[in-house]
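# Chains, contacts and geometry: an overview
The primary structure of each chain is shown beneath.
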Amino acid sequence: MADGLQTVKNWILERHPEREDIASDLDLIENRLIDSLSFVEFVFLLEQESGTAIQMETLEVDSIRTLAAIEQHFFKTAVQA
C-alpha cells in the first residue's frame, strides 16, 4: 500500500475508532466512513497525499468509493515498458 493511501486509511480509522481495519473493497460512502460533513476535508487530504488537484465538479464518486478505487485513481504509478 502506498504511503499516501495508508495516510488516507489512517485518517478514516481515526474518525471511526470502532473499526480496526478497512477492507480495500468496502464501500466507504455506503458504510458512512466518509459522510457529507467530512467529505471536503477528505478530498483535501486526498489532494495533499496524491499530489493531484481534484475538481469537485468533475469528481466521480466511484473513484473514491473504496480504498481500491482510491488507489487505482490517485496512487497508481504508470508502469513503463
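Everything that follows concerns the structure shown earlier in this document.
Residues numbered from 1 in each chain as written. Predicted model: local features only at pLDDT ≥ 70, side-chain atom pairs only at ≥ 80, totals over all residues. Heavy atoms only, no water.

If you trace the backbone, S63 turns up in the loop between α2 (39–50) and α3 (67–75). In contact with S63, not counting residues within four places along its chain, are A69, I70, H73 and F74. (Helix = DSSP H or I, 4+ residues; strand = E, 2+ residues; numbered from the N terminus. Contact = heavy atoms within 4.5 Å.)

On to the nonpolar core, then. The tendency in soluble globular proteins is for nonpolar side chains to be buried as a group. Counting 21 residues, the largest nonpolar core has I12, I22, L28, F42, L46, I70 and F74 as its most contacted members. Elements represented by at least two residues in this core include exactly α1 (3–15), α2 and α3. Sorting elements by how many residues they give to this core places α1 first, with five residues. Discounting residues that sit within four places of it in the chain, L46 has contacts with V8, G51, I54, I64, I70, F74 and F75. (Core = buried A, V, L, I, M, F, W, Y, C linked by side-chain atoms within 4.5 Å. Buried < 20%, exposed > 50% of the residue type's maximum accessible area, 1.4 Å probe, protein only.)

A few words on the environment of H73. By the element assignment, H73 lies in helix α3. Separated by 23 residues in the primary sequence, H73 and S50 have C-alpha atoms spaced 9.6 Å apart. In this structure the side chain of H73 is engaged in a polar contact, spanning 2.8 Å, whose partner is the backbone oxygen of A69. (Polar contact = N/O pair within 3.5 Å; in protein donor to acceptor, adjacent residues only side chain to side chain.)

Looking now at the packing of α1 against α2. Between α1 and α2, the least distance of the axes is 9 Å, while the angle of their chain directions is 155°. Compared by their axis directions, α1 and α2 come out roughly antiparallel. For the crossing formed where α1 meets α2, the hand is right-handed. Residues G4, T7, V8, W11, I12 and R15 of α1 touch α2, and the partners they reach there are E41, F42, L45, L46 and E49. Its residues assigned to classes, the contact of α1 with α2 comprises six nonpolar, two polar and three charged. (Axes fitted to C-alpha atoms, helices over the stretch in contact; angles between N-to-C directions. Parallel < 35°, antiparallel > 145°, perpendicular 65-115°, else oblique. Left-handed = near helix turned anticlockwise from the far one by under 90°. Nonpolar A, V, L, I, M, F, W, Y, C, P; charged D, E, K, R; others polar.)

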